[in-house]
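The lines below spell out each chain.
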Amino acid sequence: MTVVRLRGFGHRHAGRRRWALRGVDLDIAHGERVALLGSSGAGKSTLLAALAGLLPPESGEREGTVEVRDRTGIVFQDPQSQLVMARTGDDVAFGLENTGTAAERIWPLVDDALRRVGFPYGRDRPVAALSGGEQQRLALAGALVSRPGLLLLDEPTANLDPDGARLVRGALAGLDGTTMVIVEHRVAELVPLLDRVIVLEPGGGIRADGPPGRIFTEYGDELAADGVWVPGRPPELRMPRTAPGEALLRKGDIEIRAAEALAVTGPNGAGKTTLALQLGGLRKPVGSPVTATAALAGTDSAKPPHKWRARALAGRIGSVFQNPAHQFVTARVRDELALGAADPARVDELLVRLRLDALAEANPHTLSGGEQRRLSVATALAAAPRLLILDEPTFGQDRRTWTELVALLAGLRDDGHGIVAVTHDPDFTTAIGARELPLATRPLEAVQ
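Residues numbered from 1 in each chain as written. Predicted model: local features only at pLDDT ≥ 70, side-chain atom pairs only at ≥ 80, totals over all residues. Heavy atoms only, no water.

The next point concerns the sheet that holds strand 12 (residues 261-265). Ordered in space as 14-15-16-12-17, the 5 strands form an open sheet in which the pairing is parallel. In the strand order of this sheet, the two ends are held by strand 14 (317-320) and strand 17 (435-438), each with one partner. Taking the axes of each pair of neighbouring strands and ignoring which way they run, one obtains an average angle of 15° across the sheet. Bridge count between strand 14 and strand 15 (residues 387-391): 4 bridges; the pairing is parallel. Bridge pairing in strand 15 links V320 to L390. Where helix 13 (residues 399-414) meets the sheet, its contacts fall on strand 12, strand 15 and strand 16 (418-422), and the angle it forms with strand 15 comes to roughly 150°. (Pairing = 2+ DSSP bridges. Helix = DSSP H or I, 4+ residues; strand = E, 2+ residues; numbered from the N terminus. Axes fitted to C-alpha atoms, helices over the stretch in contact; angles between N-to-C directions. Contact = heavy atoms within 4.5 Å.)

Taken as a whole and assessed by the stated rule, the structure comprises 2 aromatic pairs. Here F119 and Y121 contribute two aromatic rings whose centre-to-centre distance is 5.7 Å and whose plane-to-plane angle is 80°, an arrangement assigned as edge-to-face. Relative accessible area serves as the criterion here: at 26%, Y121 is assigned to the partly exposed category. On the basis of an interplanar angle of 80° and a centroid distance of 5.5 Å, the ring pair of W229 and W402 is categorised as edge-to-face. Here the residue W229 occupies a position in the loop between helix 6 (212-225) and strand 10 (247-251), and W402 occupies one in helix 13, the gap between them amounting to 173 residues. Under the relative-accessibility criterion, W229 is labelled buried at 7%. (Phe/Tyr/Trp six-rings, centres within 6.5 Å; stacked < 30°, edge-to-face > 60°. Buried < 20%, exposed > 50% of the residue type's maximum accessible area, 1.4 Å probe, protein only.)

A few words on the pattern of salt bridges. Counted by the stated rule, this structure contains 37 salt bridges. Here E61 ties to R12 by a salt bridge, and the two come within 2.5 Å at their closest N and O atoms. A residue pair is termed long-range when its members are at least 10 positions apart, and E61 in strand 4 (residues 60-68) and R12 in strand 1 (residues 2-13) qualify at 49 residues. Taking relative accessible area as the criterion, R12 reaches 22% and is therefore assigned partly exposed. With a closest N to O distance of 3.2 Å, E246 and R386 form a salt bridge. Linking E246 in the loop between helix 6 and strand 10 with R386 in the loop between helix 12 (369-383) and strand 15, this pair joins segments that are 140 residues apart in sequence. Look at E246 and you get partly exposed, because its relative accessible area is 44%. What emerges from the salt-bridge pattern is a single network uniting R332, R334, D335, D348 and E361. (Salt bridge = Lys/Arg side-chain N within 4 Å of Asp/Glu carboxyl O.)

Now for unusual backbone geometry. Here the phi dihedral of E155 falls at roughly 55°; this positive angle occurs in a residue that is not glycine. Note on placement: E155 falls in the loop between strand 6 (150-154) and helix 5 (162-173). When its relative accessible area of 2% is taken as the criterion, E155 is described as buried. For R355, which is not a glycine, the phi torsion comes out positive at approximately 55°. You can see R355 is positioned in the loop between helix 11 (344-353) and helix 12.

The next point concerns the pairing of strand 8 (residues 196-200). Most of strand 8 sits inside the fold, with 5 of its 5 residues counted as buried. Burial of strand 8 is two-sided: the residues R196, I198 and L200 facing one way and the residues V197 and V199 facing the other way are all buried. Here 4 bridges tie strand 3 (residues 33-37) to strand 8, and the two strands are oriented parallel to one another. Looking at strand 8, one finds that L37 is bridged to V199.

Let us look at helix 2 (residues 88-98). Among the residues making up helix 2, those that are buried are T88, G89, D90, D91, V92, A93 and L96. Taken from the residues just after helix 2, G100 is the one with a positive phi, measuring 80°.

Moving on, we come to the nonpolar core. Among soluble globular proteins, nonpolar side chains are generally buried collectively. Formed by 46 residues in total, the largest nonpolar core has its most connected members in L37, V92, L138, L151, L172 and V197. Considering every element that reaches this core, the biggest residue donor is helix 4 (residues 132-144), with 6 residues. Apart from residues no more than four positions distant in its own chain, V92 is found in contact with V110, A113, L114, L138, A141, G142 and V145. In this structure, A261, V333, A362 and A378 belong to the second largest nonpolar core, which totals 37 residues. (Core = buried A, V, L, I, M, F, W, Y, C linked by side-chain atoms within 4.5 Å.)

Inspection of the secondary structure assignment puts G245 in the loop between helix 6 and strand 10. You can call G245 partly exposed: its relative accessible area is 36%. Expressed as a C-alpha distance, the spacing of G245 and D25, which sit 220 residues apart in the sequence, is 56 Å. Non-local contacts of G245, meaning those with residues more than four positions away in its chain, are made with R257, A258 and A259.

A separate point is the sheet that holds strand 13 (residues 290-292). What the 3 strands build is an open sheet, ordered 11-10-13; its pairing is antiparallel. Across the chains shown, the open sheet's two edge strands, defined by having one partner strand only, are strand 11 (254-257) and strand 13. Recorded for the sheet is a direction-independent mean angle of 15° between the axes of neighbouring strands. Two elements, strand 10 and strand 13, share 3 bridges in a ladder whose sense is antiparallel. In the sheet register, L249 faces strand 13, and the bridge partner there is A292. Relative to the sheet, helix 7 (residues 272-279) contacts strand 10, strand 11 and strand 13, its axis offset from that of strand 10 by approximately 125°.

The subject of this paragraph is the packing of helix 11 against helix 13. When two helices pack together, their arrangement is given by the angle between the helix axes and the distance between those axes. It is the contact of helix 11 with helix 13, at a shortest axis distance of 10 Å, that shows an interaxial angle of 145°. The segment helix 11 lies against helix 13, with R346, L350 and R353 engaging E404, A407 and L408. A breakdown of the residues in the contact of helix 11 with helix 13 according to their chemical character gives 3 nonpolar, no polar and 3 charged. (Nonpolar A, V, L, I, M, F, W, Y, C, P; charged D, E, K, R; others polar.)

By the secondary structure assignment, Q372 is in helix 12. Classification of Q372 by relative accessible area gives buried; the value is 10%. Within the local environment of Q372, its side chain forms a polar contact with the backbone oxygen of P364, the two atoms lying 3.1 Å apart. The contacts of Q372, once residues within four sequence positions are left out, are P324, A325, F328, P364, H365 and L367. (Polar contact = N/O pair within 3.5 Å; in protein donor to acceptor, adjacent residues only side chain to side chain.)

Below you can see the structure in the form of structure tokens.
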């Protein structure tokens, strides 16, 4: 039985000149497990939104038809956009309650869904207390609990630690009879789950469609050249060319130096994002204080960064948040970059290098998750602060934009800037030659 059918489907987002998708003809059968691949901006998330019925007429121009013949569940790139309740158990139960599930069945189903995704807490954990990766697992539990016939997943493991990602893949493998459409840039570890790979051509239909082995064998070289992550073709790794310089910032035993990259790693919930906010002067430190040397703070070296004036902080320490949309303050991509740019000429360079030039007039909040991530990093690069702190800088990137981000950050490091990156991406840690700071599993230990 055909579960999904598209004929001549196209969508152009409001205010855009280019079509996100066009001329897509596609059939997906019941029970198939399909990966949607393509370079960043190829329309993968747009296609998932169309299948979920989340592209209303006012969202843009549409052509062709979309037919979905099964009950649908979806997990978005940004889990915060679908978490609606204050307690974790209530959030997973929300959908069941709205579909009239018998009260006595709700909590056993909730507990089972939380267990299957490896959620580390009980039902009473406040949603606001969760890390980004924990929110991602909670959102997946909410999608799985109602046993949808069609499950749509947008980067389901991108912000998860390795153990969490394995648990999620195991949960997906156990969903016999569920049709799945998965968008995932790093697809290598998903291949054993897949029946089929579909590669989207940016703005223009389907480039390749077939079993994973055949697609990666026949199209592997050209797909890798166009930015698709192809299993067995690791990225080019760039190592540091400079020796670490003077100390810039300290917290307890943690020292951050000029011309050096520090990778903060560890499981979801270990306190990595909390530590990044403290180092960036955006949150009052817990435990040991954060102190800046004169090399970073100048005349403010007697004060901790969280007590600096906003203008002084922004000029010395740049922060890239885990959720990039939280830091956008203008209505155009170009304006967002120009706002804090140290050199106006740098704006056009970054637009081109990070493949945002065609989106220069677009509203930052209308970009895909990967495009928003590149823009958030680009704004920090444009300002060129002495210390740059990034939370998951390579999330949602194709091979080509990943390589460009690594090159830009490595160049900043080689010019004497300090870089701190919270990351679950071991290739990035290696490529940028980062010293690794692994955090323990208890948040209080992680930030003291």
